[in-house]
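# Report on the structure
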Amino acid sequence: MAWYNRKDKKFKDSEKKSIPDGLWEKCISCDEVLFRPELDKNLCVCHHCQHHFRVSSAVYLDLLLDKGSETQLFSTLESKDFLGFKAGKKYSTQITGAKRKTGDHDAIKVYSGKLNEKPIILGVMNFAFIGGSMGSVVGEAVSRAIKTAGKKKIPLVLICSSGGARMQEGAVSLMQLAKTSAHLAKFSQEGGLYISVLTDPTTGGVTASYGMLGDIILAEPGALIGFAGPRVIKQTIGQDLPKGFQRAEFLLEKGFIDHIVPRSEMKDKLSRLIGLLT
Amino acid sequence: MPKYYLDFEEPIRELDERILELESQTDPTQETLKEIAKTQGKRHQLIEKVYSKLNPWQRVQLARHPNRPYSLDYIQILIPDFIELHGDRYFSDDPAVVSGIGHLGERRIAIIGQQKGRDTKENLYRNFGMMRPEGYRKALRVMNLAEKFGLPLITLMDTPGAFPGIGAEERGQAEAIARNLLEMSALKIPIIGVVIGEGASGGALGIGICDRFLMMENTWYSVISPEGCASILFRDAGKAPEAAESLKLVPSDLQEIGICDRIIPEPNGGAHRDKDSAINNLSQAIQEELAALEKINPENFLDIRIEKYDALGFYQELK
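Residues numbered from 1 in each chain as written. Chains lettered and ligands numbered in written order. Predicted model: local features only at pLDDT ≥ 70, side-chain atom pairs only at ≥ 80, totals over all residues. Heavy atoms only, no water.

Glancing now at the domain arrangement of chain A. Segmenting chain A into domains produces domain 1 (7–51) and domain 2 (54–277). Taking only C-alpha atoms, the centre of domain 1 of chain A and the centre of domain 2 of chain A are 23 Å apart. (Domains from an automatic or database assignment.)

This part is about helix α5 (residues 171–189) of chain A. Helix length check: α5 of chain A (19 residues) gives 28 Å between terminal C-alpha atoms against 27 Å at 1.5 Å per residue, within 8%. For α5 of chain A, the tally of buried residues reaches 16 of 19 residues, placing the bulk of the element in the interior. (Helix = DSSP H or I, 4+ residues; strand = E, 2+ residues; numbered from the N terminus. Expected span 1.5 Å × (residues − 1). Buried < 20%, exposed > 50% of the residue type's maximum accessible area, 1.4 Å probe, protein only.)

Right, let's talk about the environment of I83 of chain B for a bit. Residues and elements named next belong to chain B. Checked against the element boundaries, I83 lands in strand β1 (residues 83–84). It is 19 Å that separates the C-alpha atoms of I83 and I192, two residues lying 109 residues apart in sequence. Residues within four places of I83 in sequence aside, it is in contact with S99, G100 and I101. (Contact = heavy atoms within 4.5 Å.)

Opposite the 50 residues of chain B that make contact, chain A presents 57 residues. Of the roughly 4600 Å² buried between chain B and chain A, counting both surfaces, carbon and sulfur atoms make up 72%. Joining chain B to chain A, the criterion identifies 3 salt bridges. One salt bridge connects K186 of chain A with D303 of chain B, and the closest N-O pair in it is separated by 2.6 Å. Of all the elements, helix α8 (residues 173–185) of chain B adds the most residues to the side of chain B that touches chain A, at 9 residues. The residue makeup of the side of chain B that touches chain A, split by class, is 30 nonpolar, 10 polar and 10 charged. Relative to strand β9 (residues 315–317) of chain B, strand β4 (residues 77–79) of chain A is paired through 3 bridges, and the arrangement is antiparallel. Bridge pairing in β9 of chain B places L77 of chain A opposite E317 of chain B. (Buried area = accessible area lost by both parts, 1.4 Å probe. Salt bridge = Lys/Arg side-chain N within 4 Å of Asp/Glu carboxyl O. Nonpolar A, V, L, I, M, F, W, Y, C, P; charged D, E, K, R; others polar. Pairing = 2+ DSSP bridges.)

Before going further, it helps to examine the side chain of T148 of chain A. Position of T148 of chain A among the secondary structure elements: in helix α4 (residues 136–152). With residues near it in sequence (within four places) discarded, T148 of chain A still touches F74 and I121 of chain A.

All names here are of chain A. With burial as the criterion, each face of strand β11 (residues 216–219) is covered, one bearing I216 and L218 and the other bearing I217 and A219. Pairing between strand β10 (residues 194–202) and β11: 4 bridges, direction parallel. Of the residues in β11, the one forming a bridge with I195 is I216.

For the rest of this paragraph, the subject is the sheet that holds strand β9 (residues 156–162) of chain A. Residue and element names in this part refer to chain A. Strand order in this open sheet of 7 strands is β3-β7-β8-β9-β10-β11-β12, and the pairing throughout is mixed. Each edge of the open sheet carries a strand with a single partner, namely β3 (71–73) and β12 (259–260). The sheet contact formed by β9 and β10 spans 6 bridges and is parallel. Bridging from a neighbouring strand, I159 pairs with V197 of β10. Strands in contact with α4 are β7 (108–115), β8 (118–125) and β9; relative to β7, the strand with the most contacts, it is inclined by about 20 degrees. (Axes fitted to C-alpha atoms, helices over the stretch in contact; angles between N-to-C directions.)

So, about the pattern of salt bridges. All names here are of chain B. Scanning the entire structure with this criterion turns up 40 salt bridges over all chains. We note a salt bridge from R43 to D16, for which the minimum N-O separation is 2.6 Å. Of the two residues, R43 sits in helix α2 (residues 30–52) while D16 sits in helix α1 (residues 10–23), which places them 27 residues apart along the sequence. Across the pair R64 and E198 runs a salt bridge whose closest N-O atoms are separated by 2.7 Å. In this pair, R64 sits in the loop between α3 (56–63) and α4 (71–78) while E198 sits in strand β5 (residues 191–200), placing the two residues 134 residues apart along the sequence. Ionic contacts of the salt-bridge type, sharing partners, join the residues R212, D261, R262, E288, E289 and K308 into one network.

Structure below.
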């Protein structure tokens, strides 16, 4: 068991920003060395600088749903490599690898459960699964989540974290933006409440569809949120980006999200919003 | 603009030039006329040969051909009484997209098209057809106008993507596109989307939700440009031809998958060699499609679109 992660840049950890095994963890934002069990207890938020680490869907499940109230939905959906896509790695190999690494079936998990005794449908994306990318499975799971919330007339909460559409599915991944948005149009017309929570990072196709379509949009502190990724923008315009660009605080200032909510307050904030709007 | 030849079109240049030279003779002799006819025949055969076996990367290049008709070229002929409508009413007027109303044949329609420029100056003005948030919001304004007055909507897609810039992000590029996806899904008017050149990603989809998705023969539509895909997945933008192969982005592939509903044939040698017949083919296709869509009860469009896009996903479900 490693006590520290390697500092030597030549030996990169493959899972850069998720929490690796080890008793100690260095905060990537303030360099403070954190005791892992303490960090876990603090919802993977640095007690020193409040940096919100990227976490697995299990953390949000524990955080948001009342203990024992949850039922997982649509967990039988699996991606398939219908284009026979290969670019360096084969897509089918990537899917198998991501499943092994995360233990998840794809980049989203959907639950029905209760948040402070109020029934909701909760979807949680996982960035560790092929960059949280949206392919046919994510599109279908989100669409079914919307339909289920509509049928049961209960609120829908989606915790987003994604690099965008899943290129390995070609134009079909682009169609998932259309599909989820069309379902949300219907859900909204029928009076359904949808709250989206943007976590680090939410970019590309997910931001440009259900990410930005919440009746209420919340974000975690410091989360990167945007359409184009910062690297692409920098390449296109050939200049450095302003400090804090595309961070949650920037979006709040520009008027694109309602609130920045620390992880520890997320349940309470969601509960109060749902209480007021349903 | 001078005629431009892609590398695989080079053999045609020689014959084009020979024909021009012969035709420029004053008082051509019987001999000359015969030779012109012969060379034209040869050119026809050569073009057929070159174009009958294009690979995806060549089709991507054709879609970007600088002599290809752009949105305004189509609009001028399709809609002789076109009135352009400007501005999003919030921030500015985005010249990367042209929108307005007019008659297509007997019908009143609204049309929205992404517009590229022919030269550097024009391209700077049109931003290479890359829309900013105000462009998507202008488009939405015109869509809502069309719905209010019962005009069917035609959208022409021709963009390398939505503009990735600081201002575009500040003004909510993602929000603008997402809003259009949601609102377009629910519009109570028929929508026909046509890819006339490049159809890249959310940039194209932001005006691209539709009931019938048409593609001109030499175009592409994808979640990302072949260069973008190559630089991310192959870590080498030079691998774009391979990426174009993998992405399955040409009309025939997309028709097989079910995304493309109809491929509009282009004249021999591509739309840039005979704009009028390309535009004519499109006009005919749109009018046929509109005639069918007009029979649908406007209240049903949202459900029909949900059903359409629901089918465009491929996954397996374990028992």
